[in-house]
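# A look at the structure
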Amino acid sequence: YPMPLKAPRFRYDLAIEGARLLSQETPAVASLPARAEGKATLPVRIEFLELLDAVRSLKGANQFAYKLDGALLFNALGAERELPFSRPGQAPVPRPPSFRAIDVKLGEMGLSGLAFDILAEVENPNVFGIDLRDVGYALQLGQSRLGGLQVASNKEIAPGSSGKISIQGKLS
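The structure contained in this document is the topic of the report that follows. Just so you know, these numbers come straight off a predicted model, no measurement behind them.

Once that is clear, we can look at the overall build of the protein chain. When its secondary structure is counted, the protein chain shows 1 helix and 11 strands. Overall, the protein chain shows an N-to-C arrangement of helices and strands of β-β-α-β-β-β-β-β-β-β-β-β. The C-alpha radius of gyration of the protein chain comes to 21 Å, more than 25% above the 16 Å expected for a compact globule of 172 residues. On the principal axes, the C-alpha backbone points of the protein chain span a range of 60 × 40 × 30 Å. By the burial criterion, 24% of the 172 residues in the protein chain qualify as buried. Taking contacts inside the protein chain between residues at least 6 apart in sequence as the whole, the part at least 24 apart equals 53%. Here the protein chain has roughly 11,900 Å² of accessible surface; of this, 55% comes from carbon and sulfur atoms.

A few words on the pairing of strand S1 (residues 9–16). Going residue by residue along S1, you find Phe10, Tyr12, Leu14 and Ile16 tucked away on one face and Arg9, Arg11, Asp13 and Ala15 left uncovered on the opposite face. The turn joining S1 and strand S2 (residues 19–27), which pair antiparallel and follow one another in sequence, is formed by 2 residues; a positive phi near 50° is taken by glutamate 17. Here 8 bridges tie S1 to strand S3 (residues 63–76), and the two strands are oriented antiparallel to one another. Of the residues in S3, the one forming a bridge with arginine 9 is leucine 73.

One open sheet accounts for 4 strands, arranged S2-S1-S3-S4; its pairing is antiparallel. The sheet terminates laterally at S2 and strand S4 (79–92), the two strands that pair on one side only. Going from strand to strand, the sheet's axes swing by 15° on average, the running direction of each strand aside. Examined bridge by bridge, S1 and S2 share 8 bridges and lie antiparallel to one another. When the sheet's bridge partners are listed, aspartate 13 is paired in S2 with serine 23.

Judged by side-chain polarity, Tyr137, Leu139, Leu141, Leu146, Leu149 and Leu171 come together as a nonpolar surface patch covering roughly 530 Å² of accessible area. For the nonpolar patch, the elements supplying multiple residues, two or more each, are strand S8 (136–141) and strand S9 (144–151). The greatest single-element share of the nonpolar patch, amounting to 3 residues, is contributed by S8. Residue placement: tyrosine 137 occurs in strand S8.

What follows is about the packing of aromatic side chains. Here the structure, examined in full by the defined rule, presents 1 aromatic pair. Judged by centre distance (6.3 Å) and plane angle (65°), the rings of phenylalanine 10 and phenylalanine 85 are edge-to-face. Of this pair, phenylalanine 10 sits in strand S1 while phenylalanine 85 is found in strand S4, placing the two residues 75 residues apart along the sequence. Judged by its relative accessible area of 28%, phenylalanine 85 falls in the partly exposed class.

Reading the values: the criteria
- In this convention, every chain numbers its residues from 1, walking through the sequence in written order.
- Confidence filtering applies because this is a predicted model: local features only for residues at pLDDT of at least 70, side-chain atom pairs given and counted only at 80 or more, and all residues used for totals across whole chains, interfaces and linings.
- Based on all heavy atoms of the structure, the side-chain values leave hydrogens and waters out of the count.
- Secondary structure elements follow DSSP: runs of H or I no shorter than four residues count as helices, runs of E no shorter than two count as strands, and numbering proceeds from the N terminus.
- Put simply, the radius of gyration uses C-alpha atoms, and a globule should come to 2.2 Å times the residue count raised to 0.38.
- Each residue is assigned to one of three classes by its accessible area relative to the maximum for its type, calculated with a 1.4 Å probe on protein chains only: buried under 20%, partly exposed between the two thresholds, exposed over 50%.
- Contact criterion: two residues are considered in contact whenever any of their non-hydrogen atoms come within 4.5 Å of each other.
- Methods summary: accessible areas were calculated by the Shrake-Rupley approach with a probe of 1.4 Å, and residue burial reflects only the protein chains presented.
- If DSSP finds at least two bridges between two strands, the strands pair.
- Geometry is summarised by axes, namely lines fitted to C-alpha atoms with helices restricted to the contacting stretch, and by angles between N-to-C directions that run from 0 to 180 degrees.
- Note on patches: the residues involved have over 30% relative accessible area and no salt bridge, like charges join within 9 Å, and the nonpolar side chains Val, Leu, Ile, Met, Phe, Trp and Tyr join within 5 Å.
- By convention in these notes, a salt bridge is any Lys or Arg side-chain nitrogen within 4 Å of a carboxyl oxygen on Asp or Glu.
- Stacked, tilted and edge-to-face pairs are distinguished by plane angle, under 30 degrees for stacked and over 60 for edge-to-face with tilted covering the rest, among Phe, Tyr and Trp rings (Trp via its six-membered ring) whose centres lie within 6.5 Å.

Here it is as structure tokens:
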């Protein structure tokens, strides 16, 4: 495009094996330069049950077909414009990692709760690496947070290999 695109929006649909998994319109986290290639990060929210249903439908498969259709939405010359895109492809079916050699160490216990650390060996059965840096779990009852887990290891588990991770936990 001949001019930079500041804070564009994206509208997109993602289908897995012909079934729509998600459909969203969202702002992009980027500005795209004029007459050049750029990257945009799209925040995606997938409901757990929808993802679980999609994964269950792929049971026994090694890969799946996907199709991403959408449009880049932006204002130019006083009007809203659309730049459509479509990207079909194949991707490997993600497999859950397995955990073994789990060791739990209790930490501080007080009026604010119980802290603990979990050390575990994680095996990655996938053909792609698993980045565990931002993996966490929150335990809530209504609006009250009762505890949670957060991976403390700053590493990726390589494809088809295993590695040790540390998980920090807290119960309130």
